[in-house]
Amino acid sequence: MLMTIDLSYRPEVVELVARTELFINEHVLPVENEFRGDVTAAGGDDLRRELNAKAKAAGVFAPHAPVEFGGLGLSMSDRAPVFEAAGRSTFGPVALHIGAPDEGNVHMLAHIADDRQRHEYLAPLAAGAVRSAFAMTEPSPGAGADPNALSTMATRVDGGWKINGRKRFITGADGAGFFIIMARTSGEPGDRGGATMFLAPGDTDGIRVDRHIHTTDKSMIGGHCEMTFTDVFVPDADVLGEVNEGYRYAQVRLGPARMTHVMRWMGSAVRAQKVALDYVERRQGFGGRLADLGMIQQLVADNEIDLAAARALLVRACWELDQGSHASDSTSIAKTFGAEAFSRVVDRSIQMCGGLGVSEDLPLARLADELRPFRIYDGPSEVHRWAIAKRAVGRARKERQA
Ligand SMILES: Cc1cc2nc3c(=O)[nH]c(=O)nc-3n(C[C@H](O)[C@H](O)[C@H](O)COP(=O)(O)OP(=O)(O)OC[C@H]3O[C@@H](n4cnc5c(N)ncnc54)[C@H](O)[C@@H]3O)c2cc1C
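Residues numbered from 1 in each chain as written. Predicted model: local features only at pLDDT ≥ 70, side-chain atom pairs only at ≥ 80, totals over all residues. Heavy atoms only, no water.

Trainee: Describe in detail the environment of Met-76, supporting the description with residues and values.
Mentor: Positionally, Met-76 belongs in helix α3 (residues 76-86). If we ignore the near neighbours within four places in the chain, the residues touching Met-76 are His-107, Pro-256, Met-259, Thr-260, Met-263, Cys-318, Leu-321 and Asp-322. (Helix = DSSP H or I, 4+ residues; strand = E, 2+ residues; numbered from the N terminus. Contact = heavy atoms within 4.5 Å.)

Below, the structure is given as structure tokens:
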């Protein structure tokens with residue numbers, strides 16, 4: 001049977017992309033440029049609220065959120081070009097309320113939360129009334145690249161659970177309206193399974209933000225924080241999903257969240273290439289334009305190849321996710337390739353712009369700083385390669401035995 005693959009987007013999506021681009025250019029890029037990409041210096045939550053209100057007025061707010069909660073309910077495939085358009089500014093995701101970790105948390109709560117939790121947690125989050133945080137990573141020897149090392153413990157008490165432990169790199173923790181906390185409810189650190197997700201309002205007794213860990217990026221509100229949880233009581237009603245099923249639910253969040261990061265950072269990489277093209281096309285040297293030099297053309301072409309390849313991998317992974325698959329391989333492949341390709345694109349763009357490339361006159365140096373952590377969070381490149389290889393070897397073994 002002949003199968004047609006249609007890569008075009010519905011007219012509504014094309015129109016939304018155009019509207020998003022316009023909104024980013026008019027309302028978001030000027031602020032980002034004025035504050036050199038530092039969202040805290042630009043106003044933090046005050047700026048977020050102001051931009052969210054403008055995004056609502058422009059009809060581009062929360063395109064991923066379920067329609068019943070005021071969003072546009074876009075599929076993963078339809079999110080891709082819209083999130084990319086928002087990613088043209090490092091403040092774009094905050095403005096549209098599609099940044100990490102809120103966007104991934106909306107996605108997960110929409111799939112897992114019960115009716116009361118949807119009302120109490122998802123509704124205000126989807127509307128942008130509050131921010132949220134996802135607390136998984138811990139200081140050594142706790143959970144990091146290896147989630148099974150989870151050491152934060154939740155112990156049974158009358159009517160619920162008490163959580164004790166330390167976390168670090170928790171994005172948005174300072175000022176979060178609520179936390180999704182991953183804690184161990186059975187087994188020992190190092191054991192597979194035994195994790196549960198808990199919902200806890202930000203002002204719950206025992207939740208403490210110890211410090212902001214200063215990282216290279218500056219576009220996410222509420223910091224990447226080190227935290228302590230001391231006897232934090234969570235009632236049974238705020239267990240998210242089933243006890244001991246936390247790792248399974250994490251998969252609901254992780255695959256799509258990896259892809260939405262690729263979408264947003266694609267926007268940054270495309271922006272970098274545009275900046276470089278603008279420079280080499282105008283800059284005179286050696287009797288012509290830089291753009292006429294073969295070695296510059298190679299940098300331009302390699303950027304185009306990286307962008308096109310990353311986009312193709314993203315489209316494939318989103319299609320699989322929309323079919324209901326976990327898309328473990330395709331999301332790992334698109335995440336690993338995208339994170340590394342976008343860094344290469346920005347680095348080549350810096351090179352093409354000479355001294356201005358590393359200056360604050362252009363956004364390229366800060367885009368490089370923003371992108372660098374993406375090779376570490378949502379699974380370091382090495383962990384994805386390790387998982388991809390294990391699955392490939394497993395498949396080969398099965399085929400041999402068949
Ligand atoms: C900017 C930023 C934001 C973050 N936001 C959040 C958040 O909101 N919530 C949250 O819970 N966490 C968050 N994290 C944490 C992030 O998920 C972890 O940093 C990541 O999982 C790696 O864990 P780790 O830092 O403990 O590194 P480690 O586990 O110590 O790993 C260090 C390095 O070892 C190598 N490595 C590890 N395992 C393997 C393997 N199997 N094979 C080969 N090499 C390997 C990799 O190179 C890896 O980078 C964030 C991190 C950053 C940088």
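Trainee: Mind laying out the UniProt feature "domain: Acyl-CoA dehydrogenase/oxidase N-terminal" (unreviewed entry) in the protein chain, listing which residues take part and the relevant values?
Mentor: Within the UniProt annotation, "domain: Acyl-CoA dehydrogenase/oxidase N-terminal" (unreviewed entry) is assigned to residues 15-128. Spanning residues 15-128, this segment combines 63% helix with 0% strand, and its end C-alpha atoms are found 23 Å apart. (UniProt positions renumbered as here; feature names shortened; annotations may be inferred.)

Trainee: Explain the pattern of salt bridges to me, using residue names and the numbers behind them.
Mentor: Applying the stated criterion across every chain yields a total of 32 salt bridges. In this structure, the salt-bridge partner of Lys-54 is Glu-50, at a minimum N-O distance of 3.5 Å. On the criterion of helical spacing, the pair formed by Lys-54 and Glu-50 is a turn pair, its members being four residues apart in helix α2 (residues 45-57). Here Lys-54 falls in the partly exposed class, since its relative accessible area comes to 33%. Across the pair Glu-138 and Lys-167 runs a salt bridge whose closest N-O atoms are separated by 3.1 Å. Here Glu-138, found in the loop between β1 (132-135) and β2 (153-157), pairs with Lys-167, found in strand β3 (residues 160-171); they are 29 residues apart in sequence, far enough to count as distant. Lys-167 shares its class with Glu-138; the two are buried. Among the charged side chains, a network of salt bridges with common partners joins Arg-10, Glu-12 and Asp-78. (Salt bridge = Lys/Arg side-chain N within 4 Å of Asp/Glu carboxyl O. Buried < 20%, exposed > 50% of the residue type's maximum accessible area, 1.4 Å probe, protein only.)

Trainee: Got a sec to walk through the site of the ligand? Specific residues and values, please.
Mentor: Close to the ligand lie 16 residues; Phe-134, Thr-137, Ala-145, Phe-169 and Thr-171 are nearest. Backbone polar atom of Phe-169 to a nitrogen atom of the ligand: 2.9 Å apart, as the coordinates give it. Here a nitrogen atom of the ligand and a side-chain polar atom of Thr-171 are 2.7 Å apart. Surface burial for the ligand is 68%, taken as the share of its 980 Å² of free accessible area covered by protein chains. At the level of secondary structure, the elements contributing two or more residues to the shell around the ligand comprise β3 and α12 (381-401). Looking at the shell around the ligand residue by residue, the class counts come to 11 nonpolar, four polar and one charged. (Near = heavy atom within 4 Å. Polar contact = N/O pair within 3.5 Å; in protein donor to acceptor, adjacent residues only side chain to side chain. Areas by Shrake-Rupley, 256 points an atom, 1.4 Å probe, with all protein chains shown as cover. Nonpolar A, V, L, I, M, F, W, Y, C, P; charged D, E, K, R; others polar.)

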